[in-house]
Amino acid sequence: MPVAAALPPPVPPRAAPVPEKPMIVVDPGHGGVDPGAVGVGGVYEKDITLAMARELKRQLEGSGRYRVRLTRDKDVFIRLRDRVAIAREANADLFLSLHADSIGSANMRGLSIYTLSDRASDREAEMLAAKENRADALAGMDLSSENDLVATILIDLAQRDTMNHSKRFANMALEHLGREVKLIPNKPHRQAGFAVLTAPDMPSALVEMGYLSSPQDVSLLSKSAHREKLGRGMVRTIDAYFKWLTGAQKS
């Protein structure tokens, strides 16, 4: 009687791939030869933003939910477009640029958030649709073989979607941060054509953490306890944003 061939050992089921943690790129404004705003007591914006960026990175990585990269982790000058390029090369899921403004009044204080304006978006879409920019205009999509109309439409659609995500993040940020820190009294969500906000496929926001012309804001932003509080509010905002994004992608 022939001996039955031994059955091969069962193949263990493949584990489902673990989704990669979102990549957050934090951009401390100014640096090196460009100190940014010079505030009360001679404090430099570039030092305030770097200290806050390091604190936010510490908290985000400590949560275990995110990967984080800083556009600079020391006092060096990086061009504005290069900051965006660093984030895009890292395949950032969110780009946050940190700043602290200064104006002529010592009474004006509080936090505000900027996202890209529609007019700046239109100009950027036109630039990206130019033939020399098409190869890397959108992540994962080479538009160099497309005609002018198709390339412009695809870039515009991507940028409009990105702008909507950026605005959603900004509104969430003001809701969460407003519980922790003072917001400017008039229109804390603003829109402008900042170069660091122009990536067509990466939600981006610029956070003006306070006014260095305000002695009170300078005092707060110079304290680690305040930066920790501001960081906690930002982490809660980022958690809420990605929770919303996951739900939006499933629906």
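These figures come from a predicted structure and were not determined experimentally.

About the cut-offs
Residues numbered from 1 in each chain as written. Predicted model: local features only at pLDDT ≥ 70, side-chain atom pairs only at ≥ 80, totals over all residues. Heavy atoms only, no water. Pairing = 2+ DSSP bridges. Helix = DSSP H or I, 4+ residues; strand = E, 2+ residues; numbered from the N terminus. Axes fitted to C-alpha atoms, helices over the stretch in contact; angles between N-to-C directions. Expected span 1.5 Å × (residues − 1). Buried < 20%, exposed > 50% of the residue type's maximum accessible area, 1.4 Å probe, protein only. Contact = heavy atoms within 4.5 Å. Parallel < 35°, antiparallel > 145°, perpendicular 65-115°, else oblique. Left-handed = near helix turned anticlockwise from the far one by under 90°. Phe/Tyr/Trp six-rings, centres within 6.5 Å; stacked < 30°, edge-to-face > 60°. Arc of directions from axis to C-beta.

Asks: Can you explain the sheet that holds strand E2 (residues 67-70)? Please cite residues and give values.
Replies: Taking strand neighbours across the sheet as the criterion, the six strands line up as E2-E1-E3-E6-E4-E5 in an open arrangement whose pairing is mixed. Strands with a single pairing partner mark the edges of an open sheet, and in this sheet they are E2 and strand E5 (189-192). Direction aside, the axes of adjacent strands within the sheet are offset by 25 degrees on average. Pairing between strand E4 (residues 112-116) and strand E6 (residues 204-211): three bridges, direction antiparallel. Looking across to E6, one finds that Ser-112 is bridged to Glu-208.

Asks: How would you explain helix H1 (residues 45-63) if you had to name every residue and give the values?
Replies: Between its first and last C-alpha atoms H1 spans 27 Å; for 19 residues at 1.5 Å apiece the expected length is 27 Å, and the two agree. When H1 is considered as a whole, its buried residues turn out to be Glu-45, Lys-46, Ile-48, Thr-49, Leu-50, Met-52, Ala-53, Glu-55, Leu-56, Gln-59 and Leu-60. Close packing links the buried residues of H1 with strand E1 (23-28), E2, strand E3 (94-101), E6, helix H5 (215-221) and helix H6 (224-250). In the segment just after H1, Gly-64 is the residue with positive phi, at about 75 degrees.

Asks: Talk me through the packing of H1 against H6; I want residue IDs and the actual numbers.
Replies: Two elements in contact, H1 and H6, have axes separated by 9 Å at closest approach and are oriented at 50 degrees. As the angle between them shows, H1 and H6 are arranged oblique. The handedness of the crossing between H1 and H6 comes out as right-handed. Across the interface between the two elements, Ala-51, Met-52, Glu-55, Leu-56, Arg-58, Gln-59 and Leu-60 of H1 pack against Arg-227, Glu-228, Leu-230, Gly-231, Arg-232, Met-234, Val-235 and Ile-238 of H6.

Asks: I'd like a rundown of the packing of aromatic side chains, residues and numbers included.
Replies: Counted by the stated rule, this structure contains five aromatic pairs. A ring pair is formed by Tyr-66 and Phe-242, whose centres lie 5.8 Å apart and whose planes are at 50 degrees; its orientation type is tilted. Of this pair, Tyr-66 sits in the loop between H1 and E2 while Phe-242 is found in helix H6, placing the two residues 176 residues apart along the sequence. Overall, the relative accessible area of 10% leaves Phe-242 in the buried class. Put simply, the rings of Tyr-66, Phe-169, Tyr-241, Phe-242 and Trp-244 touch in pairs and so form one group of aromatic residues.

Asks: Now, about helix H2 (residues 80-89): what can you tell me, with residues and values included?
Replies: Where H2 is concerned, the buried positions are Arg-83, Val-84, Ile-86 and Ala-87. The buried residues of H2 occupy an angular sector of 155 degrees when projected down its axis, which confines them to one face. In this structure, the buried side of H2 is in contact with E1, E2 and E3. Where H2 ends, the next residue or the one after it, Asn-91, has phi of about 55 degrees, a positive value.

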